[in-house]
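Listed below are the residues making up each chain.
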Amino acid sequence: MAAGKWIGGFLGFITAGPLGALAGFALGSLFDHGLDEVNKPGSEGHNNREYSNAYEAYSGYGSGGYGNGSYGGYGQQHAYEGERNSFMFSLLVLASYIINADGRIMHSEMELVRRFLLQNFGMAAKQQGEEILLKLFEQQKRMGMQQYRTVIQDSCHQIRANMMYEQRLQLLNFLVMIAQADNVVSPEEIQALKEVALHMGLEASDVDQMLGMHGGGSSATSATSLEDAYRILGVSPDASNDEVKAAYRKMALKHHPDKVAALGEDVRRAAEKKFQEINDAKDKIYKARGI
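The residue numbering used here restarts from 1 in each chain and proceeds along that chain's sequence as written. Only residues with pLDDT of at least 70 get local features here, since the model is predicted, and only at 80 or more are side-chain atom pairs given and counted; chain-wide, interface and lining totals rely on the full set of residues. The side-chain numbers reported here are obtained from all heavy atoms of the structure, hydrogens and water having been left aside.

- Within an unreviewed UniProt entry, the label attached to the protein chain reads DnaJ domain-containing protein, and the organism entered is Segatella sinensis.

Following this line, the structure appears as structure tokens:
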């Protein structure tokens, strides 16, 4: 199976650190399928040099590659691909931790990831994304949950150092959506989400607000209730009108979709949905208060 579009480009900051180690394990076998194509004369990745494996070729390590601080002639488009692909692989790594936080790998959670990859990257990426997740689950089992948890925490620190704040918020938002795919968010999943958030330099309250946006993980809870509207804005029903307005401005600024546009149209659309939920929460509160 040839490497898909979102896999077969520069890998950005995940070529090093704990994410790089996981990438070498989870992506290496996928890349090796495409090594002959990469080394063909005249191919985009050839550039008159040989690579020991396709992971090295795609990640840009080796003479003149991304790993030594140079783009090796690939240009700005590949820098963009590196940023986007780093985001997507980071999502799969953290998803492997959140999905299995309660000791159960639910079909609905896996299906949400498959559907996201299929809709935005095509059938090959859907198949490869699932294969990557299965390899990450395999690594998790091999290492044991406690050691894997340490790797996840270190990966979160790497993400924090290399990814913009607004992109980290969107990454967390996707993880919350995955946790809610079966309409039940367990205490273990909530704890894992908050742990990931804190290690990425975000706040535990960001998780609570996102759970409120998506209905709190329970079919019995309406995402459009007044209670959830306050939760989304992160204020108490007893807050003053000025405090509510300030909370809305803060949330709107944090989650504006333009701030994640560099990650692609699909990520921007997801951010727009979240931004609309913030505005809907504001409208509900303003209407109830007569503001």
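More follows now that the structure is in view.
## Examining helix α7 (residues 145-162)
And step 1. Under the DSSP-based scheme used, a helix requires at least four consecutive residues in state H or I and a strand at least two consecutive residues in state E, with every element numbered from the N terminus. Every helix has an expected span of 1.5 Å times one less than the residues it contains. The terminal C-alpha atoms of α7 lie 25 Å apart, and with 18 residues this matches the ideal 26 Å at 1.5 Å per residue to within 8%.
And step 2. Those residues of α7 that fall on the buried side of the exposure criterion are Tyr-148, Val-151, Ile-152, Gln-153, Ser-155, Cys-156, Gln-158 and Ile-159. Only protein chains enter the area calculation, which uses a 1.4 Å probe; residues under 20% of their type maximum are buried, those over 50% are exposed, and those in between are partly exposed.

## Thoughts on unusual backbone geometry
And step 1. In this structure, Asn-183 is a non-glycine residue whose phi angle is positive, near 70°.
And step 2. With respect to the helices, strands and loops of the structure, Asn-183 is situated in the loop between α8 (165-179) and α9 (187-199).
And step 3. Residue class for Asn-183 comes out partly exposed when judged on its relative accessible area of 47%.

## A short note on the pattern of salt bridges
And step 1. A pairing counts as a salt bridge when a side-chain nitrogen of Lys or Arg comes within 4 Å of a carboxyl oxygen of Asp or Glu. Under the counting rule described, the total for this entry stands at nine salt bridges.
And step 2. We note a salt bridge from Glu-111 to Arg-114, for which the minimum N-O separation is 2.9 Å. Note that Glu-111 and Arg-114 are positioned in helix α5 (residues 107-121) at a spacing of three residues, about one turn of the helix.
And step 3. Classification of Glu-111 by relative accessible area gives partly exposed; the value is 28%.
And step 4. Owing to a relative accessible area of 13%, Arg-114 belongs among the buried residues under this scheme.
And step 5. Salt-bridge contacts for Glu-130 lead to Arg-114; the nearest nitrogen and oxygen are separated by 3.0 Å. Taken together, the residues span a long stretch of sequence, with Glu-130 in helix α6 (residues 123-143) and Arg-114 in helix α5 at a distance of 16 residues.
And step 6. On the accessibility criterion, Glu-130 (24% relative accessible area) is partly exposed.
And step 7. Bridged by salt links that share partners, the residues Glu-111, Arg-114 and Glu-130 form one connected network.

## Details of the environment of Glu-195
And step 1. Tracing the chain through its elements places Glu-195 in helix α9.
And step 2. Sequence separation of Glu-195 and Ile-152 is 43 residues, and the distance between their C-alpha atoms is 9.8 Å.
And step 3. Between two residues, a contact is recorded if the distance between any of their heavy atoms is within 4.5 Å. Those residues in contact with Glu-195 that sit more than four places away from it in its chain are Tyr-97, Arg-149 and Gln-153.
And step 4. Here a polar contact is recorded for every N or O atom pair within 3.5 Å, except that within protein the pair must consist of a potential hydrogen donor and a potential acceptor, and residues adjacent in sequence are included only if both atoms are side-chain atoms. Here Tyr-97 takes part through its side chain, which lies 3.0 Å from a polar atom of the side chain of Glu-195.

## Quick word on the packing of α8 against α9
And step 1. Interhelical geometry of α8 versus α9 gives an angle of 170° and a closest axis separation of 11 Å. In terms of orientation, α8 lies roughly antiparallel with respect to α9. Of α9, the residues touching α8 (which contributes Leu-172, Leu-175, Val-176 and Ala-179) are Glu-189, Leu-193, Val-196 and Ala-197.
And step 2. Residues are grouped as follows: nonpolar covers Ala, Val, Leu, Ile, Met, Phe, Trp, Tyr, Cys and Pro; charged covers Asp, Glu, Lys and Arg; every other residue, Gly included, is treated as polar. Of the residues in the contact of α8 with α9, the class split is seven nonpolar, no polar and one charged. The angle between two axes is taken between their N-to-C directions and runs from 0 to 180 degrees, where each axis is a line fitted to C-alpha atoms and a helix contributes only its stretch in contact. Orientation labels follow simple angle bins: below 35 degrees gives roughly parallel, above 145 gives roughly antiparallel, 65 to 115 gives roughly perpendicular, and whatever is left gives oblique.

## Observations concerning α6
And step 1. With 21 residues, α6 ought to run about 30 Å at 1.5 Å a step, and its terminal C-alpha atoms sit 30 Å apart, in line with that.
And step 2. Every buried residue of α6 is listed here: Ala-125, Lys-126, Gln-128, Gly-129, Ile-132, Leu-133, Lys-135, Leu-136, Phe-137, Gln-139, Gln-140 and Met-143.
And step 3. Looking at the residues trailing α6, positive phi occurs at Gly-144, about 90°.

## Section: the confidence of the model for the protein chain
And step 1. For the protein chain, the mean per-residue pLDDT works out to 77, and 73% of the residues sit at or above 70.
And step 2. By mean pLDDT, the top-scoring element of the protein chain is α9 (96), and the lowest-scoring one is helix α2 (residues 35-38) (39).
And step 3. When the criterion is pLDDT under 50, residues 216-223 qualifies, and its contacts beyond four places in sequence or with other chains add up to 19 contacts. Every residue is assigned a pLDDT by the predictor, reflecting its confidence on a scale from 0 to 100.

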